[in-house]
Amino acid sequence: MILTSLDGVSPDQFAEHSGWAPTPEGLCRGEICVPAPGSLRADGTVDIDAAAQRLGMPVLHDADHGVWAVGPATLGGRALPTAVAADPELLTRDGNPFKLSALHGRKVLLVAWASY
Amino acid sequence: MTVALDVERAHTYKWIDAASPTHPSLIDTIHITDEFFGFTNIPMAVWIDETGTIVRPAESASIERSPLRDMDIPEGLPERMERMFREVKAMPDVSHDYRAAIVDWAHRGAGSRFVLTADEVIARSQPRGDDEARAAACFELGEHLRRTVAPEAAVPWWRDAHRLHPANWTYKRQAWTLVTTPEGAEDNDLAQGPNDVYEGNWLDDVIAGGGGQAYTVVPQL
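Throughout this description, residue numbers start from 1 for each chain and increase along the sequence as written. A letter from A marks each chain and a number from 1 marks each ligand, given out in the order of writing. Only residues with pLDDT of 70 or above have their local features reported here, since the model is predicted, and side-chain atom pairs are shown and tallied only from 80 upward, although totals for entire chains, interfaces and linings are computed over all residues.

**Focus: the sheet that holds strand β5 (residues 59–62) of chain A**
Short version of the rule: Any two strands with at least two DSSP-identified bridges between them are counted as paired. Counting from the N terminus, the helices are the DSSP runs of H or I reaching at least four residues and the strands are the DSSP runs of E reaching at least two. Note on contacts: each residue gets a C-beta atom placed from the backbone, and two residues are in contact if those atoms are within 7 Å. Working convention: axes come from line fits to C-alpha atoms, limited for helices to the stretch in contact. Angles between N-to-C directions cover 0 to 180 degrees.
The 3 strands are arranged β1-β6-β5 (chain A) in an open sheet whose pairing can be described as antiparallel. Every other strand in the sheet has two partners, leaving β1 (2–3) and β5 of chain A as the edge strands with one partner each. Each of β1, β5 and β6 (67–70) of chain A is contacted by helix α6 (residues 130–148) of chain B, which is oriented at about 145° to β6(A), the strand it contacts most.

Here it is, written out as structure tokens:
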């Protein structure tokens, strides 16, 4: 997740880029909810440092360019904290957004490849 | 559904257009699927059922035996090229069985013996500790700077990504190919040899990682 400020991050923005949805119960992904007091500020935005600490996410800062990168959660020590598939927004050949959830109801063999 | 882990969308067009896919054919320009699904190399795949539940985690997804495996290594090749051949031939090949497993799942669904429980899926997904998570952040930050500042702005972050998570080949192959492909070349350089920008290269990193037999995440079928 790339940020130009650690302030003003909405719950939807955090969920879209991290897969973890800030809710009153905590930070949730699939069936897992991690209690995360302090992760939602009074103004409704996400306290990135608090949320990242709860989930074991690294927060890197490039001071020269004024940008932060928040890495994935390390909770559980595996790439998948849950078997519920994440739903990142990807691009089609023509640059249009596409979400995996568009295929809900069908089996999906998601194959990664590359030109290199 | 296919997803190309390519920071330059244009690099994928030739292949997508040649394939004329009838399935959704997508592009992941920041390797976010590495983060979300645990891909570390290509080709890899995850199986997702009708409810959106992963029933097999990221694993090597070759479905055809590469003709390179059965070729005699030509005599007189340069030493590095000859060694590359040997490492490719040493890679485990379960392509026939993996293809059969996919077909079985397509027909039997949840009744397929290749479907794993949620606990098995999580346990078999790739390890992710502090180093792997930091590597993911480094790669994404480098790609952001490459795109918004200059290609060389990515380099220190991508070097860190390679150092922190040497088993992630998409981070390394992506970076190497950008610096070893001659300008104006029609295809990316697949040999990804020694270069002046990054410490590693394909052959030496394969050898350092245990050789061709350790290069892929072999499906445990």
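**Points about the packing of helix α7 (residues 155–164) of chain B against helix α8 (residues 169–180) of chain B**
Residues and elements named next belong to chain B. The line we're drawing: Here a crossing is taken to be left-handed if its near helix is turned anticlockwise relative to the far helix by less than a right angle, and right-handed if that turn runs clockwise. Residues are grouped as follows: Ala, Val, Leu, Ile, Met, Phe, Trp, Tyr, Cys and Pro are nonpolar; Asp, Glu, Lys and Arg are charged; every other residue, Gly included, is polar.
Axis separation between α7 and α8 bottoms out at 9 Å; the angle between their running directions is 145°. Once α7 is placed against α8, the crossing between them reads as left-handed. Contacts from Trp158, Ala161 and His162 of α7 reach α8 at Tyr171, Lys172 and Ala175. For the contact of α7 with α8, the residue count by class is 4 nonpolar, 1 polar and 1 charged.

**A closer look at the interface of chain A and chain B**
Opposite the 44 residues of chain A that make contact, chain B presents 67 residues. Those elements that place two or more of their residues in the side of chain A that touches chain B are β5, β6, β7 (89–92) and β9 (108–113) of chain A. With 6 residues, β9(A) is the single largest residue contributor to the side of chain A that touches chain B.

**A short note on α6(B)**
Rules: To estimate the expected span of a helix, subtract one from its residue number and multiply by 1.5 Å. Burial is judged by counting other C-beta atoms within 10 Å of a residue's own C-beta: 20 or more means buried, 12 or fewer means exposed, and anything between counts as partly exposed, with every C-beta placed from the backbone.
With 19 residues, α6(B) extends 27 Å between its outermost C-alpha atoms, agreeing within 8% with the 27 Å of an ideal straight helix rising 1.5 Å per residue. Summarising burial for α6(B): 15 of the 19 residues are buried, a large majority.

**Observations concerning the environment of Ala136(B)**
Secondary-structure assignment places Ala136(B) in helix α6. For the pair formed by Ala136(B) and Arg173(B), sequence separation is 37 residues and the distance between their alpha carbons is 14 Å.

**Thoughts on the sheet that holds strand β3 (residues 44–48) of chain B**
One open sheet holds the 7 strands; their spatial order is β8(A)-β7(A)-β2(B)-β1(B)-β9(A)-β3(B)-β4(B), and the pairing between them is mixed. Two strands close off the open sheet at either side, each with one partner strand: β8 (97–99) of chain A together with β4 (54–60) of chain B. Shown here is a sheet whose adjacent strand axes are inclined to one another by a mean of 30°, direction ignored. Note: β9(A) against β3(B), 5 bridges, orientation antiparallel. Note that in β3(B) the partner of Val108(A) across the bridge is Ile48(B).

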